[in-house]
Amino acid sequence: MPDLEIACDESGFSGSNLLDPAAPVITHASVDLTVAEAAEVLGGVRVRTAKEYKSNRLLRPEQRPVLRRFLSALGGRAHVHVIDKTSYVAARVLELFTGEPSYGDGTRLGRDFEASVGVLRSRTEFLDSFLVLTRTKRLRLLDHAAIDRFFGLLPEELRGLSRRRVEETLLRLIEDDPAIPPPLEPLVPALAETALFWSAGQRSVGVVHDEQSALTPHRVARLAGYLATAVVPAPPPLAGVRQVDSRLDPRVQVADLLAGVARRAAEVPGLAKVLGAECRGLIGGADVAGTQPRRMS
């Protein structure tokens, strides 16, 4: 049994198209509320005719007082992890091809590539070649044309990377090696960071999550095992994940609203400042007023 159960949802997920300039960040929101408390929070923001209230309504200028009340109600009971997608992709290149990949990649427990990421995130064409290279879901053989393009665009900083190493890693992805986390699924490290935040080294956390195909039982089990080993002797951070239809759980609906608000605050310069400390105090990971992360997460 977990010591705490939180509810989560995301905003900004765009599948494997992680370099879409229209959606530069993904936010993963979590709330520590009972069903009754979440229903009360929702009652203060949505109109009676809406079965599921979305953040785009809450972000309208005329709704600003309602939005501030919503954020204030979540003080100390919510958290948002923000991932800058371009930096995420840049870090994935390094994590996948310059060491042994692990479920700690993309989290505070993984290797720190902040300096290198700062250089690589501007190499958009190279990063796009990496995305094409690692879309291996329907492949049975290596895509040598994609490998050629990747090496043709390889930055000077990675000239020591061998073709053999890349091909060996890609074959492991094609064969669905369970030890390698999916490189194009930012929700996996986002879940890890969320569990680590709420566990705080003192308790195990159960997660109720909106339905997400990325969070398969196998991946969740692998992630939970990795986190448990990494934080010994502290309690295992992630006790399990239960996926639900967001329309049927008000806690997940609150997380959905918060994720949408936080994503806009991270993407629109000045919005977080307008919303005030209530918004900034809930958000971690990437900078609220921009998309360059302070620490890869």
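What counts as what
- Position labels on residues start from 1 in each chain and follow its written sequence.
- Note on the predicted model: pLDDT of at least 70 is required for a residue's local features to be given, and 80 or more for side-chain atom pairs to be given and counted; whole-chain, interface and lining totals, by contrast, use all residues.
- To obtain the side-chain values, all non-hydrogen atoms of the structure were included, while hydrogens and water were left out.
- Runs of H or I in DSSP of at least four residues are treated as helices and runs of E of at least two as strands, each being numbered from the N terminus.
- A 1.4 Å probe rolled over the protein chains alone gives each residue an accessible area, and that area as a share of the maximum for its type sets the label: buried under 20%, exposed over 50%, partly exposed in between.
- Contacts were defined at the residue level, with two residues in contact if any of their heavy atoms lie within 4.5 Å.
- The accessible surface values rely on the Shrake-Rupley method and a 1.4 Å probe; as for residues, cover is taken only from the protein chains in view.
- To estimate how far a helix should reach, multiply one less than its number of residues by 1.5 Å.
- An axis is simply a line fitted to the C-alpha atoms; with a helix, the fit covers only the stretch in contact. Between two such axes, the angle follows the N-to-C directions and lies from 0 to 180 degrees.
- The cut-offs work like this: below 35 degrees is roughly parallel, past 145 is roughly antiparallel, 65 to 115 is roughly perpendicular, and the gaps in between are oblique.
- For a crossing to be left-handed, the near helix must be turned anticlockwise from the far one by less than a right angle; the clockwise case is right-handed.
- In this classification, the charged set is Asp, Glu, Lys and Arg, the nonpolar set is Ala, Val, Leu, Ile, Met, Phe, Trp, Tyr, Cys and Pro, and all remaining amino acids, among them Gly, are polar.

Student: For this particular structure, what's the right way to read the overall build of the protein chain?
Tutor: Within the protein chain, the secondary structure is distributed over 13 helices and 6 strands. Going through the 297 residues of the protein chain one by one, you find that 54% of them count as buried. For the protein chain, contacts bridging at least 24 residues in sequence account for 78% of all contacts bridging at least 6. Summed over all atoms, the accessible surface of the protein chain reaches about 13,300 Å², with 52% contributed by carbon and sulfur.

Student: Please explain unusual backbone geometry as it appears in this structure.
Tutor: If a residue is not glycine, its phi is most likely negative; likewise, a peptide bond is most likely trans. Cis geometry is found at the peptide bond from V232 to P233, where omega equals 15°. Phi is positive for D176, which is not a glycine, with a value near 55°. Inspection of the secondary structure assignment puts D176 in the loop between α8 (163-174) and α9 (187-199). Notably, A200 is not glycine yet its phi reads approximately 50°, a positive angle.

Student: Is there a simple way to think about helix α4 (residues 85-97) in this case?
Tutor: One full turn of an α-helix is made of 3.6 residues, so residues set three or four places apart face in the same direction. A rise of 1.5 Å per residue sets the reference length of α4, with its 13 residues, at 18 Å; its end C-alpha atoms lie 18 Å apart and thus fit the reference within 8%. For α4, the tally of buried residues reaches 13 of 13 residues, placing the bulk of the element in the interior.

Student: Would you explain the packing of helix α1 (residues 35-43) against helix α11 (residues 250-267) in this entry?
Tutor: For any two helices packed against each other, one specifies the crossing angle of their axes together with the interaxial distance. α11 packs onto α1 with a crossing angle of 45° between their chain directions and a minimal axis gap of 8 Å. In terms of their interaxial angle, α1 and α11 are classed as oblique. Judged by the twist between their axes, the crossing of α1 over α11 is left-handed. For the pair α1 and α11, contact is made by V35, A38, A39, V41 and L42 and by P250, R251, Q253, V254 and L257, respectively. Counted by class, the contact of α1 with α11 contains 8 nonpolar, 1 polar and 1 charged residues.

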